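# Geometric and topological summary
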Amino acid sequence: CEPCCDPCGWKRCCTTDCYVLAEALYYQRSNGLDNEQPLVLQGGVPVLDNDNLGLEAAPGVRLTLGKGLGPCARSSAWEVSYLGLFDFDDSWLVLGNDDLAMPGQLGVLNPFATGDRITIDYDSDLHSIEANCIKCAELCDDRVEFLTGFRYLSLRERLRINAFDVIENGDGDYNLDTYNDLFGLQIGSRYRR
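### Remarks on the packing of aromatic side chains
Two numbers describe a pair of aromatic rings. These are the distance of the centres and the angle of the planes. Inspection of every chain in the model, using the stated rule, returns one aromatic pair. With a centroid separation of 4.8 Å and 35 degrees between ring planes, the pair formed by Tyr 152 and Phe 183 is classed as tilted. In this pair, Tyr 152 is assigned in strand 7 (residues 142-165) and Phe 183 in strand 8 (residues 170-192), connecting sequence segments 31 residues apart.

Next comes the structure, spelled out in structure tokens:
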């Protein structure tokens with residue numbers, strides 16, 4: 001192997017190279033709302049609101065596969081990355097005595113108007129896939145990488161509300177599912193030292 005165009009005199013080979021990066025992630029999420037929104041009322045008084053939604057931290061992973069190009073393998077490359085955050089979720093249980101209600105239009109229907117028990121379950125997943133062309137500029141220990149590429153981002157959320165009324169022996173479910181997909185071109189840069 002002949003050395004590459006390396007300003008620091010390192011003896012790098014002029015062959016293309018492949019690389020794999022694996023990262024474990026740990027994210028904390030907040031609801032991001034400043035104003036309190038009631039979720040469950042007991043006798044007309046809020047007992048559960050959006051400030052109580054303490055979404056716990058969730059694990060995730062990021063995997064990157066890359067292939068160097070050209071006579072100096074680290075000067076440019078193709079990369080494909082996947083990022084996944086799994087199971088941001090939480091559950092809440094509110095017990096009452098025929099005096100629990102949901103706010104708004106849902107709260108006029110039984111058992112959402114006179115419930116004895118209301119259970120709320122929420123969960124979401126985030127997935128991102130990107131493909132980028134990387135161009136590098138190096139000087140000894142410093143490295144600036146410019147990238148351009150395509151990204152797909154998917155956010156899925158589920159909300160399940162169950163209300164139960166003992167007197168009327170009524171059981172009601174209210175379920176919401178949202179799927180958000182983002183497709184787009186991206187440009188950016190990274191700095192490494």
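### What about the pattern of salt bridges?
For the structure on display, the rule yields nine salt bridges. Among the salt bridges present, the one from Glu 145 reaches Arg 190, with a minimum N-O distance of 2.6 Å. On the criterion of sequence distance, the pair formed by Glu 145 in strand 7 and Arg 190 in strand 8 is long-range, its members being 45 residues apart. For Arg 160, the salt bridge goes to Asp 177, with nearest N and O atoms at 3.2 Å. In this pair, Arg 160 is assigned in strand 7 and Asp 177 in strand 8, connecting sequence segments 17 residues apart. Judged by relative accessible area, Arg 160 falls into the partly exposed class, the value being 28%. A relative accessible area of 39% means that Asp 177 is categorised as partly exposed.

### Re the nonpolar core
Grouped together as the largest cluster of nonpolar side chains are 13 residues, with contacts concentrated most on Val 40, Leu 48, Met 102, Phe 112, Ile 118, Ile 120 and Ile 161. At the level of elements, strand 5 (76-101), strand 6 (115-139) and strand 7 are the ones that each hand at least two residues to this core. When neighbours within four sequence positions are excluded, Phe 112 is seen to be in contact with Leu 100, Ala 101, Met 102, Leu 106, Gly 107, Ile 161, Ala 163, Gly 172, Asp 173 and Tyr 174. Core analysis: the second largest hydrophobic core is formed by five residues, Leu 25, Leu 83, Leu 85 and Phe 88 among them.

### Side note on the environment of Glu 56
Here Glu 56 lies in the loop between strand 3 (45-49) and strand 4 (58-69). When the C-alpha atoms of Glu 56 and Arg 29 are compared, they prove to be 7.1 Å apart, with 27 residues separating the residues in sequence. Look past the residues within four positions of Glu 56 in its chain and what remains in contact with it is Gln 28, Phe 88 and Asp 89.

### A short note on a nonpolar patch on the surface
On the surface, Phe 150, Phe 183 and Leu 185 cluster together into a nonpolar patch covering about 380 Å² of accessible area. Structurally, Phe 150 is set in strand 7. Overall, Phe 150 belongs to the partly exposed group, its relative accessible area being 39%.

### A few points about unusual backbone geometry
Not every positive phi belongs to a glycine, and Asp 98 is a case in point at roughly 60 degrees. In this structure Asp 98 comes out as partly exposed when scored by relative accessible area, which is 28%.

### Concerning the state of the cysteines
Under the criterion given, the structure shown has zero disulfides. Free of any disulfide, Cys 133 has its nearest neighbouring cysteine sulfur in Cys 136, separated by 9.4 Å. Looking at Cys 136, the relative accessible area reads 18%, which means it is buried.

Calculation criteria
- Residues numbered from 1 in each chain as written.
- Predicted model: local features only at pLDDT ≥ 70, side-chain atom pairs only at ≥ 80, totals over all residues.
- Heavy atoms only, no water.
- Phe/Tyr/Trp six-rings, centres within 6.5 Å; stacked < 30°, edge-to-face > 60°.
- Helix = DSSP H or I, 4+ residues; strand = E, 2+ residues; numbered from the N terminus.
- Salt bridge = Lys/Arg side-chain N within 4 Å of Asp/Glu carboxyl O.
- Buried < 20%, exposed > 50% of the residue type's maximum accessible area, 1.4 Å probe, protein only.
- Core = buried A, V, L, I, M, F, W, Y, C linked by side-chain atoms within 4.5 Å.
- Contact = heavy atoms within 4.5 Å.
- Patch = residues over 30% accessible without salt bridge, like charges linked within 9 Å, V, L, I, M, F, W, Y side chains within 5 Å.
- Areas by Shrake-Rupley, 256 points an atom, 1.4 Å probe, with all protein chains shown as cover.
- Disulfide = S-S within 2.5 Å.

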